[in-house]
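Survey of secondary and tertiary structure
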Amino acid sequence: MHIVRYLDRNGPQVGLLDADSGTITGFAGISTLGELLRLGAAELRERCAHPDGAAVSAETVRLLAPIDGRTELWAAGVTYEQSRSARVEESERSATVYEQIYDAERPELFFKSVAWKVVGDGEPISVRDDSQVDVPEPELAIVANAAGEIVGYTVCDDVSSRTIEGENPLYLPQAKVFLGAAALGPGIRPAWEIDDPYQLEIALEIIRGGGTVWSGKANTSQLHRRLDDLVGYLRHADMFPDGVILSTGTCLVPEMPFTLSHGDTVEITIEKVGRLRTPVVQGLSAAADALAARDDRVSNSDVQDGAKS
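Residues numbered from 1 in each chain as written. Predicted model: local features only at pLDDT ≥ 70, side-chain atom pairs only at ≥ 80, totals over all residues. Heavy atoms only, no water.

Topic: the overall build of the chain
Along the backbone of the chain there are 8 helices and 18 strands. Taken over the C-alpha trace, the chain has a radius of gyration of 19 Å; the compact-globule value for 309 residues is 19 Å, and the two agree within 12%. For the chain, the spread of C-alpha atoms along the principal axes amounts to about 55 × 40 × 30 Å. Expressed as a percentage of the 309 residues in the chain, the buried residues total 54%. Of all intrachain contacts in the chain linking residues separated by at least 6 positions in sequence, the fraction that spans at least 24 positions is 74%. A total accessible area of about 13,100 Å² is found for the chain, and carbon and sulfur atoms account for 48% of it. Between the centroid of the 28 positive side chains of the chain and the centroid of its 48 negative side chains there is a distance of 1 Å. (Helix = DSSP H or I, 4+ residues; strand = E, 2+ residues; numbered from the N terminus. Rg over C-alpha atoms; globule rule 2.2 N^0.38 Å. Buried < 20%, exposed > 50% of the residue type's maximum accessible area, 1.4 Å probe, protein only. Contact = heavy atoms within 4.5 Å. Areas by Shrake-Rupley, 256 points an atom, 1.4 Å probe, with all protein chains shown as cover. Lys, Arg positive; Asp, Glu negative; His and termini not counted. Charge placed at Lys NZ, Arg CZ, Asp CG, Glu CD.)

Regarding the pairing of strand 6 (residues 72-77)
Counting buried positions along strand 6 gives 5 out of 6 residues, so the element sits mostly inside the fold. Two strands pair when backbone bridges link them, and strand 6 and strand 7 (residues 108-114) are joined in this way by 6 bridges, in the antiparallel orientation. Bridge pairing in strand 7 places Ala75 opposite Phe110. Here strand 6 runs beside strand 16 (residues 244-247); their pairing, made up of 4 bridges, is parallel. Bridged to Ala75 within strand 16 is Ser247. (Pairing = 2+ DSSP bridges.)

Comments concerning the nonpolar core
Grouped together as the largest cluster of nonpolar side chains are 42 residues, with contacts concentrated most on Ile125, Tyr153, Ile270 and Val273. In terms of residue count, the dominant contributor to this core is helix 7 (residues 227-235) (4 residues). If you look at the next biggest cluster of nonpolar residues, it comprises 24 residues, including Ile3, Ile67, Leu73 and Ala141. (Core = buried A, V, L, I, M, F, W, Y, C linked by side-chain atoms within 4.5 Å.)

Brief notes about helix 7
Within the span of helix 7, buried status applies to Leu227, Leu230, Val231 and Leu234. Buried residues in helix 7, looked at end-on, bunch into an arc of 95°, giving them a common side. (Arc of directions from axis to C-beta.)

Quick look at the side chain of Ser161
Here Ser161 is to be found in strand 12 (residues 160-161). A polar contact of 3.1 Å, which involves the side chain of Ser161, links it to the backbone nitrogen of Ile164. Look past the residues within four positions of Ser161 in its chain and what remains in contact with it is Arg128, Ser131, Val133, Asp134 and Ala175. (Polar contact = N/O pair within 3.5 Å; in protein donor to acceptor, adjacent residues only side chain to side chain.)

Re the sheet that holds strand 8 (residues 125-127)
Spatially, 8-18-17-14-15 is the arrangement adopted by the 5 strands of the open sheet, whose pairing is mixed. What marks the edges here is a single partner per strand, and that holds for strand 8 and strand 15 (211-219). The sheet shows a mean angle of 20° between the axes of neighbouring strands, taken without regard to direction. Alignment of strand 8 against strand 18 (residues 274-282), held across 3 bridges, turns out to be parallel. Paired with Ser126 across the two strands is Val281, which belongs to strand 18. (Axes fitted to C-alpha atoms, helices over the stretch in contact; angles between N-to-C directions.)

Considering the pattern of salt bridges
In this structure the tally under the stated criterion is 15 salt bridges. The salt bridge partner of Lys176 is Glu137, with a shortest N-O separation of 3.0 Å. You can see Lys176 sitting in helix 6 (residues 172-176) and its partner Glu137 sitting in the loop between strand 9 (134-135) and strand 10 (138-144), a full 39 residues away along the chain. Between Glu165 and Lys176 there is a salt bridge, with the nearest N and O atoms lying 3.9 Å from each other. Of this pair, Glu165 sits in helix 5 (residues 162-167) while Lys176 sits in helix 6, and the two are 11 residues apart along the sequence. Sharing partners across several salt bridges, the network here consists of Lys112, Glu137, Asp158, Glu165 and Lys176. (Salt bridge = Lys/Arg side-chain N within 4 Å of Asp/Glu carboxyl O.)

Concerning the environment of Asp68
Note that Asp68 resides in the loop between strand 5 (62-64) and strand 6. Expressed as a C-alpha distance, the spacing of Asp68 and Val155, which sit 87 residues apart in the sequence, is 16 Å. Leaving out residues up to four positions away in the same chain, Asp68 has contacts with Arg5, Thr32, Leu33, Gly34 and Ala115. A polar contact is formed between the side chain of Asp68 and the side chain of Arg5, at a distance of 3.2 Å.

Looking at the state of the cysteines
According to the stated counting rule, one finds 0 disulfides in the structure shown. Not part of a disulfide, Cys251 finds its nearest cysteine sulfur in Cys156, a span of 12 Å. By relative accessible area, which is 5% here, Cys251 ends up buried. (Disulfide = S-S within 2.5 Å.)

Shape is all these values report; function is a separate question.
Quick look at the structure:
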């Protein structure tokens, strides 16, 4: 099962998707993910075991990115050997910074996005028009509740500009934080349904013109950090009253000088967690238009009478 956000004619909702039956069942009195993430892990598990809200067919609603309200998206960097190698490769003058952080006690953590900017399955990610090399970064994302308990996992694409990131480590926010640079979804797999989060296959496929132009596979067994440690460092001097999503770093990076192009499709699959598929657009205008169209659908609740728009 997956916890999902979805759009019906009453607006955005949150519920539990049973893939076998194709049914989404809501939680009585709860309509946002932020409300769910205020619950303790034990209470959330109990609510998921006995969802008590209205049921709808998944075929009649539109899924939304599994993040809302005050929930923030953060990310970790250089948590895999491949990520360290990629950062060193792109950074002529500051390679030692990334070599050192890989083995440092304190992890690299950075803010990625507020909820309203995050796109979901089927919605466009974007690449900057002032960068020559831009890549998807497929990552397992932790979902932690307000108390810091890990309650689920989702798929994240931490879209990045390798051109800007490689020029200077102080440019990292510009390389990582821009409109269309964060995708999550399609839902959240509860943590208690994942036996071992350190044994999950991650696959990335980039499709262009109907064919695969890059693909690769890796495994979370290669992760150099403990998930609970990453959450602990994030929460050490901060608080997240509606929970937080923390992407845990990438283990698949296309080799230089490969770059995403307008019209590509990125597909990320994480074993037992889900598949996130997003088209690619280029530039601020295209990203803004796509986000505005998404927000118009949400505000107008255009899924009417049980039919998709």
